[in-house]
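What follows is the residue order along each chain.
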Amino acid sequence: MAVKYVKNIICGGSVLLMASCTETPVSKENAFVENLLSQMTIDEKLGQMNQVAWGDWCDMAKKGQIGSVLNITNINDIREMQRCAVEESRLGIPVLVARDVIHGYKTIFPIPLGQAATFNPEIVEKGARVSAIEASSEGIRWTFSPMVDISRDPRWGRIAESFGEDQYLSSVLGSAMVRGYQGDDLTDPTSIAACVKHFVGYGAAEGGRDYNSTYITENSLRNVYLKPFQSAAQEGALTYMTSFNDNDGIPCSANKKILKDILRKEWGFDGVVVSDWASIGEMVPHGFAHDNKEAGMQAINAGVDMEMVSGSYVAYGKELLAEKKIDIKSIDEAVRNILRVKYRLGLFENPYFENNPEILYAPEHLDAAKQAAIEGTILLKNERNVLPLDRNKVKTLAIIGPLADAPYEQMGTWVFDGEKERSVTPLTAISQMLNVSADKMDGQYKFNVVNNYSNSNKVSGTTNVIFEPGLAYSRDKNKSGIPAAVSAARRADAVVVFVGEESILSGEAHSLADISLQGAQKELIDALATTGKDIIMVVMAGRPLTIGDQIDKSAAVLYSFHPGTMGGPALAEIIFGEAVPSGKTPVTFPKMVGQIPLYYNHNMTGRPASRTETLLNEIPVEAGQTSLGCTSFYLDAGFDPLYPFGYGLSYTTFEIGAPKTDATEYNMNGVITASCVITNTGNMEATEVLQLYIRDLVGSVTRPVKELKAFERVTLKPGETKEVTFSLPVSELAFWDADMKYGVEKGDFLLWINNSSLPSESAAFKVK
Ligand code: BGC
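Note that the structure is a prediction, hence the values are computed from the model and not measured.

## Quick notes on the overall build of the protein
Per the secondary structure count, the protein includes 20 helices and 27 strands. For 768 residues, the compact-globule formula gives about 27 Å, and the C-alpha radius of gyration of the protein, at 27 Å, lands near that figure. Dimensions of the protein, computed from C-alpha atoms along their principal axes, come out at roughly 80 × 65 × 55 Å. In the protein, the proportion of contacts linking residues at least 24 apart, taken out of those at least 6 apart, comes to 76%.

## What about the packing of helix α16 (residues 426-433) against helix α20 (residues 567-575)?
At a minimum axis distance of 7 Å, the contact between α16 and α20 shows a crossing angle of 50°. Classified by the angle their axes make, α16 and α20 are oblique. For the element pair α16 and α20, the recorded crossing hand is right-handed. Contacts between α16 and α20 involve P426, A429, I430 and M433 on the former and, on the latter, G568, P569, L571, A572, E573 and I575. Considering only residue class, the contact of α16 with α20 consists of 8 nonpolar, 1 polar and 1 charged.

## Quick word on the state of the cysteines
Counted under the stated rule, the structure contains 1 disulfide. The disulfide bridge from C58 ends at C84, spanning 1.7 Å between sulfur atoms. Of note, the bridge from C58 to C84 carries an S-S torsion of about -45° and is left-handed in sense. Placement of C58 in helix α4 (residues 57-62) and of C84 in helix α5 (residues 75-88) is noted, with a sequence separation of 26 residues between them. The pair formed by C58 and C84 is uniform in burial state, with each residue classed as buried.

## Considering the sheet that holds strand β6 (residues 239-242)
Across the sheet, 3 strands lie side by side as β5-β6-β9; this open sheet has parallel pairing. Two strands bound the open sheet, and with one partner strand each, they are β5 (195-199) and β9 (272-274). Between one strand axis and the next, the sheet turns through 25° on average, direction left out of account. Each of β5 and β6 is contacted by helix α10 (residues 227-234), which is oriented at about 155° to β5, the strand it contacts most.

## Overview of the nonpolar core
One recurring pattern in soluble globular proteins: nonpolar side chains tend to sit buried together. Counting residues in hydrophobic clusters, the biggest one holds 185 residues, and the most contacted among them are F199, Y240, L389, L397, F498, I575 and L733. Setting aside residues up to four positions removed in sequence, L397 forms contacts with L389, I430, L434, T463, N464, V465, I466, A492, A494, V496 and F576. Counting 43 residues, the second largest nonpolar core, distinct from the first, contains A520, L524, F589 and I596.

## Let's talk about the environment of S474
Topologically, S474 is positioned in the loop between β13 (464-468) and α17 (482-491). Considered as a pair, S474 and T463 are 11 residues apart in the sequence and their alpha carbons are 27 Å apart. Among residues more than four places away in sequence, those in contact with S474 are P402, L403, G500, E501, E502, L505, Q518, G519 and Q521.

## Description of helix α14 (residues 328-344)
With 17 residues, α14 should reach 24 Å at 1.5 Å per residue; the first-to-last C-alpha distance of 24 Å fits that figure. Burial analysis of α14 places 14 of its 17 residues in the buried class, the great majority of the element. Looking one or two residues beyond α14, the residue adopting positive phi is G346, at roughly 75°.

## With respect to the packing of aromatic side chains
Under the counting rule described, the total for this entry stands at 27 aromatic pairs. The ring of Y599 carries the charged tip of R152 above its face, separated from the ring centre by 3.6 Å.

## Considerations on the site of the ligand
Taken together, the neighbourhood of the ligand is formed by 13 residues, with D100, R158, K197, H198 and D276 sitting nearest. Within the contact set of the ligand, an oxygen atom lies 2.5 Å away from a side-chain nitrogen or oxygen of D100. One nitrogen or oxygen atom from the side chain of E508 is found 2.7 Å from an oxygen atom belonging to the ligand. Out of a free accessible area of 310 Å², the ligand has 94% covered by protein chains. Per-class residue counts for the shell around the ligand are 7 nonpolar, 1 polar and 5 charged.

## A short note on the pattern of salt bridges
Note that side chains of opposite charge can pair when their charged atoms are close. One pass over the structure, following the stated rule, counts 48 salt bridges. Note that R344 is salt-bridged to E29, the shortest N-O span being 2.8 Å. Placement of the pair is R344 in helix α14 and E29 in helix α2 (residues 25-38), with a sequence separation of 315 residues. The buried category is assigned to R344, whose relative accessible area is 4%. By relative accessible area, E29 is classed as buried at 5%. In this structure, R155 and D153 form a salt bridge, with 2.7 Å as the shortest nitrogen-oxygen distance.

## Points about the pairing of strand β21 (residues 686-696)
Summarising burial for β21: 10 of the 11 residues are buried, a large majority. Looking at chain direction, β21 and strand β22 (residues 707-716) are connected through 9 bridges and run antiparallel. The residue bridging L690 from the neighbouring strand is E712, located in β22. One ladder, built from 6 bridges, connects β21 with strand β26 (residues 747-754); its direction is antiparallel. For I694, the partnering residue across the bridge sits in β26 and is L751.

About the thresholds
Residues numbered from 1 in each chain as written. Predicted model: local features only at pLDDT ≥ 70, side-chain atom pairs only at ≥ 80, totals over all residues. Heavy atoms only, no water. Helix = DSSP H or I, 4+ residues; strand = E, 2+ residues; numbered from the N terminus. Rg over C-alpha atoms; globule rule 2.2 N^0.38 Å. Contact = heavy atoms within 4.5 Å. Axes fitted to C-alpha atoms, helices over the stretch in contact; angles between N-to-C directions. Parallel < 35°, antiparallel > 145°, perpendicular 65-115°, else oblique. Left-handed = near helix turned anticlockwise from the far one by under 90°. Nonpolar A, V, L, I, M, F, W, Y, C, P; charged D, E, K, R; others polar. Disulfide = S-S within 2.5 Å. Buried < 20%, exposed > 50% of the residue type's maximum accessible area, 1.4 Å probe, protein only. Pairing = 2+ DSSP bridges. Core = buried A, V, L, I, M, F, W, Y, C linked by side-chain atoms within 4.5 Å. Expected span 1.5 Å × (residues − 1). Phe/Tyr/Trp six-rings, centres within 6.5 Å; stacked < 30°, edge-to-face > 60°. Lys NZ or Arg CZ within 6 Å of the ring centre and 35° of its normal. Near = heavy atom within 4 Å. Polar contact = N/O pair within 3.5 Å; in protein donor to acceptor, adjacent residues only side chain to side chain. Areas by Shrake-Rupley, 256 points an atom, 1.4 Å probe, with all protein chains shown as cover. Salt bridge = Lys/Arg side-chain N within 4 Å of Asp/Glu carboxyl O.

If you want it as structure tokens, here you go:
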């Protein structure tokens, strides 16, 4: 029977009371869990709290020694392990099978940062649904996603897995992913449990170096970092994962305040908290515990229900109980949480799965992945409308660069199951679109089209394609291929160069101190620029890169955070104008690394730059200390980033009128109705992302210069005008004050509606 997740406890927690309760899904669930718990031995309880990644799964399952496994990939092994658990263990408790399905299982969607660039919760939800359908067809019922770590540092490799720097965008998209994974009915065999990670603050690693300590104050923890985690709890996320970092000296796997006071008591979460990979054992190298036993004790007492791979719970749980260092109540609570999640997923009734190989890479999955890649592509520059290319005018097209035909690299980080053989690269997609057959190509490349994608407008091949990568891979320093690439550019009337990062350059433990183009890619762009041709640069990367110089040398620039399986078709359609870019930067692009951390919603400083200050090269020799203006800016980098948050161009132009509010004063329980008129003033139908920002002018603690509060994608035909209205409850202006009280403060506010976080006309209002 389908049991929809019901959050409130209807008749208290006691089993004795159950008889007097009317039977509701919650009371049935409680009765089931308590009944099972009452029959369990200590060893079986500790077994449930154990997640393993290797060993004799079947034997452990029979003995009730595991609650969950991760990284079993063979479907027969999964079935057999589950059979051992359900049919041969004393209590028949099914095992929860977990896997990192981060941005797709087989059909790979853009990396989460690329999905964030869509500003489209529907496409993000769809991606997660596709992932769940594919993964569950091979026995997986738990994914370690979404990662909602706020990330303000592109040196940190895991920025790729995040939704960027903004807590509102991350909340909306993180919740959308939870919905997609968990579906409408948790017991549906295609629903998989989401795991919201990494709890909490991991993205604030000092210096952007992975696993480093964080020093997040309670103010910014509550106002920034916790926000998306709280939204996911409201969405009904079934599980959370503790993070590797210590915040202000407390490793997150031992942080009672976060795990008990906030997550459980304040947010009412009753699912599972799992540690990160060995993050309990790693409290020993952290210098927070003497040994694994003490680390296990700290984690159990802090409220980590399940231990991922470090094994201290099963090894020392009984001893810790006997020594009264942990108590049975904590163990029971952890096991209750685990059994509850298994119950909600319907695993007790239906522990097995239907293998369905046809569903992998289903045409509708590939279409959704392509759409996500299209919407996530950001047009950063388009001088003289160089893009889109007109296929009837381009007689010879030069495709250049190490990412033009790199099927593995375009999938991005955290891909365990996607197969590069199924990736369609830009070279393949463009050649297929232009109907260029392999033997017609100028150059040695023979392409092999695996996925056919829908493309209505194929024309017979009138365009000659020359493929000269110039470099073999992104870090390649061997420049011997560059002259051939330059010669190809000279012979062509359109030059598209695909540069960026291999997927291994971002992701876990892949932080960089230099985030400019690697290898000889800068030299490749320099050399191409000498041809005088309009260079169209397409960047595929796991993070924002410091590429100002290469952008200056290009006429047009498309940025595609590793776009996944269908990245090639998505880019081909954008390059040839079958699709119009609408992606927006989900994170600020710095000009240089020294500006980091650089994010749009920083607090107001006492000395904001006036932009009339003197910059480095204008400073007179022997200038006096105060002659430059004592304000907040860099002498050498000036005032601005390379690109601000929320930025992205279109092939059309939009005119956005001044914002209006329906009143100038609102009560605390009021709703602000804000609107603006937007017109498509260009000649292509296109989508614009309208973004509503506010500023609270004076607060009891200093407030951000701007905060995103709402956004909407608006599609308009050429010449079409629309009034777009946002309803913003005044309660959305609330923040945590210095005493950690949450509420709206009376006073004056500004409101903007624009297509980026850049300055624009504002509307003023008051909250009384
Ligand atoms: C990562 C997690 C991941 C886990 C399991 C860890 O190293 O930090 O994000 O879910 O491994 O693979």
